[in-house]
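Structural characterization, general
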Amino acid sequence: MVNLELVSFNVCPFVQRSVITLNHKGCEYGITFIDLANPPDWFLQISPLGKVPVLKVDDSEVLFESAVINEFVDDVTPGTLKPSDPLTLAKNRAWIEFGGTCLADLYMMADAKTENEMRQQMNVCKERLQHVENILTGAVFFNGDDFALVDAAYAPLLIRLDSICEKIDFLDWNHFPKLNRWKENLLALESVQKSVIEDFESHYTNKIRAQNGYLGSLL
Ligand SMILES: N[C@@H](CCC(=O)N[C@@H](CS)C(=O)NCC(=O)O)C(=O)O
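Since the model is a prediction, treat every value here as computed from it, not as a measurement.

Rules used in this analysis
Residues numbered from 1 in each chain as written. Predicted model: local features only at pLDDT ≥ 70, side-chain atom pairs only at ≥ 80, totals over all residues. Heavy atoms only, no water. Pairing = 2+ DSSP bridges. Helix = DSSP H or I, 4+ residues; strand = E, 2+ residues; numbered from the N terminus. Right-handed = clockwise from strand over helix to strand, strands pointing away. Disulfide = S-S within 2.5 Å. Buried < 20%, exposed > 50% of the residue type's maximum accessible area, 1.4 Å probe, protein only. Domains from an automatic or database assignment. Buried area = accessible area lost by both parts, 1.4 Å probe. Salt bridge = Lys/Arg side-chain N within 4 Å of Asp/Glu carboxyl O.

Bridge count between strand E1 (residues 4-8) and strand E2 (residues 30-33): 4 bridges; the pairing is parallel. Residue pairing for E2: Val-7 is matched across the bridge by Thr-32. Remark: the E1/helix H1 (residues 13-24)/E2 crossover connection has right-handed handedness.

Below is the structure:
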């Protein structure tokens, strides 16, 4: 087995996607936390976009982009978290990308400086979540009974939505029943539970506050 070292920022949802995948595949891996507000030189030298996650492989190679990292981890470990049907796989990849856009919505919500701006951004996010609700079948996971990379990609988003919804009036889970059930099924997994950093709530709240937006002023 290759030697794996994940470079992380504590509340990054994209890193968490990779942590879930590594956990789910039973990998041994190291994790190095950096401060993204003050990234070390060694990180900037190995991360072409200056973003986490980065996966160091055998201390000699570097991978970036969570979706790529996760496919690699899946490919080099026994079993597969990718559907065998090419069309299903392609659709999963497309929805993984879509989930990244929803994560960007959360960031923009926290960045909005006025209540009006924040509410507009919330509506954008809700419309996107409605697309996800519409394509879910109500099965345990995205594709059915089997956990897949697409599930790993959405768990961090659903965890953050849950956290925000507990604090402010954002979305009513009753209007997103399939998304809600999917969230509960994901949160029941050990691989997901173990991906949540200690004191996540306070770190996440501090991160939102640090954006100096209207949302942060409510927390
Ligand atoms: N598409 C990337 C997104 C990664 C990403 O945006 N990471 C954020 C932290 S959550 C980051 O490193 N931001 C630093 C920056 O943009 O300078 C992926 O899936 O890995």
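Following the structure, the description resumes.
In the structure shown here, the tally under the stated rule is 0 disulfides. In this structure Cys-27 is not part of a disulfide, and its nearest cysteine sulfur, from Cys-12, lies 18 Å away. In this structure Cys-27 comes out as buried when scored by relative accessible area, which is 13%. As a non-bridged cysteine, Cys-165 has Cys-125 as the owner of its nearest cysteine sulfur, 9.0 Å distant.

Quick look at the domain arrangement of the chain now. It is common to give the size of an interface as the accessible area that goes away when the parts come together. The domain architecture assigned to the chain consists of domain 1 (4-75) and domain 2 (86-218). A separation of 20 Å is found between the C-alpha centroids of domain 1 and domain 2. Buried surface at the junction of domain 1 and domain 2, summed over both partners, amounts to about 1700 Å²; 65% is from carbon and sulfur atoms. Counting across the interface, domain 1 meets domain 2 through 1 salt bridge. A salt bridge links Glu-71 to Arg-93; its shortest N-O distance comes to 2.8 Å. Among the elements of the structure, H1 and helix H3 (66-75) are those that each provide at least two residues to the side of domain 1 that touches domain 2. Take the side of domain 1 that touches domain 2: its biggest share by element is 9 residues, from H1.

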